[in-house]
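# Fold and geometry: a report
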Amino acid sequence: MNHALRTARRRMNTYLREGSDTLNLSGLGLVQVPEEVAELPGLRVLCLESNWLTELPRFLTDLPALAELDLGHNRTLTALPEWMGELTGLVRLDVGVTGLRRLPDSMRELTGLTELDLNNLHDLEVPEWIGDLTRLTRLSMWYAGPDCFPASMARLTALTRLDLAYSRPADLSPWLGELTALERLDMQSVPLTGLPESIGNLTALTSLSLWNTGLTELPESIGRLTALRSLSLGVNKLTALPETMRTLTSLTRLDLQRNRLAELPEWLGELTALTELRLDSNDPRPQVPASLRALARTNPEWRRFLASRTR
């Protein structure tokens, strides 16, 4: 018996002894799932992350309680079996950082999924049926290519978190504005020629990252995102901010570093909830408006900020 299997069986013995519903077999160097897993009918969470699996055993369909399956970082896993659609109890599935290039059509039956991780699947083509997974609340697609964003994503209206960092969507406008339940949207390092006006529909957003996207301007509709608490606009080519942003009075963090803002609007002083404002490395360096200097008289955070600007 090799070391990986011995360690896996020790972990399974611990699982049985403690009466847990979670089995962590990550990082053991496994090339196959141990057959003893089939004898754990109460298993709810199975973590097989960071191994060397090339295929999945059919006995996973005989685990009636299985709700979470983590297959991430199995780079040798190049295909999922067609019977994946029989795992209808799954609510969370992670297949990120694997060798997958397609998802089996049977997965459209996994309508109970609430979390799906497709990170770092550069060559994956996401099928139209992803729009059938209407219970998804979290979808992660870091480094996704342009074939990962079918128009059917507009039906994923339960999404509260969407992670698209470093991805290459061809066009956001057919679907982004429909995801009105979104609370967190990460588009860090996504190359954008502009944002669709429909982004203003995402009025539940509390966190929006547009860091390093190449933006030269923002749509007026951004002022409708009044629930925003964190807005990252750093490392772009912005020369001005739309006046509609004065309505973003819930902001506690605003990152404007490394843009081309020659001046800052007076209305920044109306964003009185701000505790963090990043302005460094704008070229030319903008002057701090009088409204912020006035705010510093009553706000110690602003006094510290202004002191740092004069060093």
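Okay, so let's go over this structure. (Residues numbered from 1 in each chain as written. Predicted model: local features only at pLDDT ≥ 70, side-chain atom pairs only at ≥ 80, totals over all residues. Heavy atoms only, no water.)

To continue, consider the overall build of the protein. A count of helices and strands for the protein gives three helices and 12 strands. Summarising its shape, the C-alpha atoms of the protein cover approximately 70 × 40 × 25 Å along the three principal directions. For the protein, the proportion of its 311 residues judged to be buried stands at 52%. Within the structure as shown, the protein displays about 14,200 Å² of accessible surface, and the carbon and sulfur contribution to it stands at 45%. In the protein, which carries 33 positive and 39 negative side-chain charges, the distance between the mean positions of the two groups comes to 9 Å. (Helix = DSSP H or I, 4+ residues; strand = E, 2+ residues; numbered from the N terminus. Buried < 20%, exposed > 50% of the residue type's maximum accessible area, 1.4 Å probe, protein only. Areas by Shrake-Rupley, 256 points an atom, 1.4 Å probe, with all protein chains shown as cover. Lys, Arg positive; Asp, Glu negative; His and termini not counted. Charge placed at Lys NZ, Arg CZ, Asp CG, Glu CD.)

Mapping Glu 125 onto the fold places it in the loop between strand E5 (115–117) and strand E6 (138–140). Between the C-alpha atom of Glu 125 and that of Phe 149, which follows or precedes it by 24 residues, the distance is 8.5 Å. In this structure Glu 125 touches Arg 101 and Asp 147, once residues within four positions along its chain are discounted. (Contact = heavy atoms within 4.5 Å.)

Moving on: the pattern of salt bridges. What the rule picks out here adds up to 16 salt bridges. The residue Asp 132 makes a salt bridge to Arg 155 at a minimum N-O spacing of 2.8 Å. One end of the pair, Asp 132, is in the loop between E5 and E6; the other, Arg 155, is in the loop between E6 and strand E7 (161–163), with 23 residues separating them in the sequence. We classify Arg 155 as partly exposed; its relative accessible area is 40%. With a shortest N-O distance of 2.4 Å, Glu 270 and Arg 246 are connected by a salt bridge. Within this pair, whereas Glu 270 is found in the loop between strand E11 (253–255) and strand E12 (276–278), its partner Arg 246 is found in the loop between strand E10 (230–232) and E11, the two being separated by 24 residues in sequence. Looking at Glu 270, the relative accessible area reads 35%, which means it is partly exposed. Judged by its relative accessible area of 29%, Arg 246 falls in the partly exposed class. (Salt bridge = Lys/Arg side-chain N within 4 Å of Asp/Glu carboxyl O.)

With that settled, the discussion passes to the packing of aromatic side chains. With the rule as written, the count across this model stands at three aromatic pairs. Summarising the aromatic geometry, the rings of Trp 142 and Tyr 166 are spaced 5.5 Å apart at their centres and angled 50 degrees between planes, so their arrangement reads as tilted. With Trp 142 in the loop between E6 and E7 and Tyr 166 in the loop between E7 and strand E8 (184–186), the pair connects residues that are 24 residues apart, well separated along the chain. Exposure remark for Trp 142: the relative accessible area of 30% places this residue in the partly exposed category. Residue classification places Tyr 166 among the partly exposed residues on the basis of a relative accessible area of 25%. With a centroid separation of 5.9 Å and an interplanar angle of 5 degrees, the aromatic rings of Phe 149 and Trp 175 are classed as stacked. (Phe/Tyr/Trp six-rings, centres within 6.5 Å; stacked < 30°, edge-to-face > 60°.)

Moving on, we come to the side chain of Thr 206. Examined against the element boundaries, Thr 206 turns out to sit in the loop between E8 and strand E9 (207–209). Looking at Thr 206, the relative accessible area reads 17%, which means it is buried. Once residues within four sequence positions are removed from consideration, Thr 206 is found in contact with Glu 183, Arg 184, Ala 227, Leu 228, Arg 229 and Ser 230.

Among the secondary structure elements, Thr 239 is positioned in the loop between E10 and E11. Expressed as a C-alpha distance, the spacing of Thr 239 and Arg 260, which sit 21 residues apart in the sequence, is 4.8 Å. Contacts of Thr 239, omitting those with residues within four sequence positions, involve Thr 216, Arg 260, Leu 261 and Ala 262.

A few words now on helix H1 (residues 3–18). Its 16 residues place the ends of H1 23 Å apart at the C-alpha level, agreeing with the 22 Å of an ideal helix rising 1.5 Å per residue. Turning to H1, its buried residues number three or more, namely Ala 4, Leu 5, Thr 7, Ala 8, Met 12 and Tyr 15. Buried residues in H1, looked at end-on, bunch into an arc of 160 degrees, giving them a common side. Away from its buried face, by an angle of more than 90 degrees, H1 presents the exposed residues His 3, Arg 17 and Glu 18. Looking at the buried residues of H1, the elements they touch are strand E1 (22–24). (Expected span 1.5 Å × (residues − 1). Arc of directions from axis to C-beta.)

So far we have only geometry, and geometry alone does not tell us how the molecule works.
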